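# What the coordinates show
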Amino acid sequence: MKIGIIGAGLIGGTLARRWTKLGHEVSIANSRGPDTLRDLAKETGAKAVTVQEAANAGEVVVVTIPQKAVPDLPKGLFANVPKDVVVIDTGNYYPVRDGNIAELEAGTVESEWVAKLIGRPVIKAFNNIFFQSLLDKGTPKGTPGRVALPIAGDPPEHRAKVLKLVEELGFDGIDAGSLADSWRQQPGTPVYTHDLDAAGVKKALAAAERSRIPEYRNASNTWLKNFLESQK
């Protein structure tokens, strides 16, 4: 499969490493240009490209950038990308990193906001797992305790394609419904970064309460703030 990745951070780089090993043709881009991705390209065999080239790279395009950077993507980036191309959003909103985004603070679902900005339906995936777990914890189907990942978004056929990719990476894919339901896997929710198995993911998704989103967000934001301060 031909896959484009916009964003070469921890999740983007990990997906590039995993997918190239599985034989996919990966094109990866960042905001600083292809020259800054030479080492990653050499390591993985992925092709370093521009953001525009990554958006037009193939059957699946992954947008994996900080929430604050989404409005800065080139205007009309997906205007000429065929409608059957699946766009995956791995993003999470952390005010300590992204600044306050009024629509999200007012309750708009994070990935619905992304979809509106880029003018394309998106599938929410890979946002609730640490990059190290994504790199190391994939196991064969049927392995007891196999880590599961929730996948939410529209249309259903795009969701099905991402579920298949998740399974190929060594995780149980859990159909988490439409994009409107993706708030259940936002930062701080019960399913977020706990590496649960399939039963655990389903239970955690069901346990999430929409009225508690501010509480969930505050907890995850505090965690990130403390983490960043510890790295100084």
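In this text, all values refer to a predicted model and were calculated from it rather than measured experimentally.

### Concerning the overall build of the protein chain
Looking only at helices and strands, the protein chain features 10 helices and eight strands. Relative to a compact globule of 232 residues, whose C-alpha radius of gyration would be 17 Å, the protein chain shows 17 Å and is just as compact. Expressed as lengths along the three principal axes of its C-alpha atoms, the size of the protein chain is roughly 45 × 40 × 40 Å. The buried share of the protein chain, reckoned over its 232 residues, is 50%.

### Re the sheet that holds strand β6 (residues 123-124)
As summarised here, the arrangement of the eight strands in space is β3-β2-β1-β4-β5-β6-β7-β8, forming an open sheet in which the pairing is mixed. Because the sheet does not close on itself, it has two edges, and the strands there are β3 (47-48) and β8 (172-175). Across five bridges, the pairing between strand β1 (residues 2-6) and strand β2 (residues 25-29) is parallel. Note on β2: the bridge partner recorded for Ile-3 is Val-26.

### Considerations on the UniProt feature "domain: Pyrroline-5-carboxylate reductase catalytic N-terminal" (unreviewed entry) in the protein chain
As annotated by UniProt and renumbered to match this structure, "domain: Pyrroline-5-carboxylate reductase catalytic N-terminal" (unreviewed entry) occupies residues 2-93. Structurally, residues 2-93 comprises 26% helix and 22% strand, and the distance from its first C-alpha atom to its last is 28 Å.

### Quick notes on helix α10 (residues 213-230)
Look at α10: 26 Å from first C-alpha to last across 18 residues, which is about the 26 Å you get at 1.5 Å a residue. Within the sequence span of α10, burial applies to Ile-213, Tyr-216, Arg-217, Ser-220, Asn-221 and Leu-224. An end-on view of α10 places all buried positions within 125° of arc, on one side of the element. Buried residues along α10 sit against α4 (95-98), α5 (102-105), α6 (110-118) and α9 (198-207).

### Topic: the packing of aromatic side chains
Overall, the coordinates contain three aromatic pairs when judged by the stated rule. Considering the side-chain rings of Phe-130 and Trp-223, the 6.0 Å spacing of their centres and the 45° angle between planes classify their relative orientation as tilted. Of this pair, Phe-130 sits in the loop between β6 and α7 (131-136) while Trp-223 sits in helix α10; the two residues are 93 residues apart in sequence, bridging distant segments of the chain. Given the relative accessible area of 39%, Phe-130 is considered partly exposed. Residue Trp-223 is classed as partly exposed on the basis of its relative accessible area, which comes to 42%. Members of the aromatic cluster, joined through ring pairs, are Phe-130, Trp-223 and Phe-227.

### A short note on the nonpolar core
Ile-5, Leu-15, Trp-19 and Phe-126 are the most contacted members of the largest nonpolar core, which totals 29 residues. Elements supplying a minimum of two residues to this core: β1, α1 (10-21), β2, β4 (60-63), β5 (86-89), β7 (148-153) and α8 (156-168). If sequence neighbours within four positions are ignored, Trp-19 has contacts with Ile-3, Ile-5, His-24, Val-26, Val-62, Phe-126, Leu-165 and Leu-169. In this structure, Val-81, Ile-101, Val-114 and Ile-118 belong to the second largest nonpolar core, which totals 25 residues.

### As for the pattern of salt bridges
Enumeration according to the criterion identifies 14 salt bridges in this entry. Between Arg-146 and Glu-167 there is a salt bridge, with the nearest N and O atoms lying 2.8 Å from each other. With Arg-146 in the loop between α7 and β7 and Glu-167 in helix α8, this residue pair connects regions lying 21 residues apart in the sequence. Residue Glu-209 is joined to Arg-212 by a salt bridge in which the shortest nitrogen-to-oxygen separation is 3.9 Å. Through salt bridges with shared partners, one network takes in Lys-141, Arg-146, Glu-167 and Asp-172.

### Overview of the pairing of β8
The alternating pattern of β8 places Asp-172 and Ile-174 on a buried face and Gly-173 and Asp-175 on a face that is not buried. Relative to β8, β7 runs parallel, the two sharing four bridges. Note on β8: the bridge partner recorded for Leu-149 is Gly-173. One crossover worth recording links β7 to the parallel β8 by way of α8, and it is right-handed.

### Focus on a nonpolar patch on the surface
Together, Val-96, Phe-130, Trp-223, Phe-227 and Leu-228 line one region of the surface with nonpolar side chains, adding up to about 440 Å² of accessible area. The dominant element in the nonpolar patch, judged by the number of residues it contributes, is α10, at three residues. Along the polypeptide, Val-96 turns up in helix α4.

Cut-offs used in this document
Residues numbered from 1 in each chain as written. Predicted model: local features only at pLDDT ≥ 70, side-chain atom pairs only at ≥ 80, totals over all residues. Heavy atoms only, no water. Helix = DSSP H or I, 4+ residues; strand = E, 2+ residues; numbered from the N terminus. Rg over C-alpha atoms; globule rule 2.2 N^0.38 Å. Buried < 20%, exposed > 50% of the residue type's maximum accessible area, 1.4 Å probe, protein only. Pairing = 2+ DSSP bridges. UniProt positions renumbered as here; feature names shortened; annotations may be inferred. Expected span 1.5 Å × (residues − 1). Arc of directions from axis to C-beta. Contact = heavy atoms within 4.5 Å. Phe/Tyr/Trp six-rings, centres within 6.5 Å; stacked < 30°, edge-to-face > 60°. Core = buried A, V, L, I, M, F, W, Y, C linked by side-chain atoms within 4.5 Å. Salt bridge = Lys/Arg side-chain N within 4 Å of Asp/Glu carboxyl O. Right-handed = clockwise from strand over helix to strand, strands pointing away. Patch = residues over 30% accessible without salt bridge, like charges linked within 9 Å, V, L, I, M, F, W, Y side chains within 5 Å. Areas by Shrake-Rupley, 256 points an atom, 1.4 Å probe, with all protein chains shown as cover.

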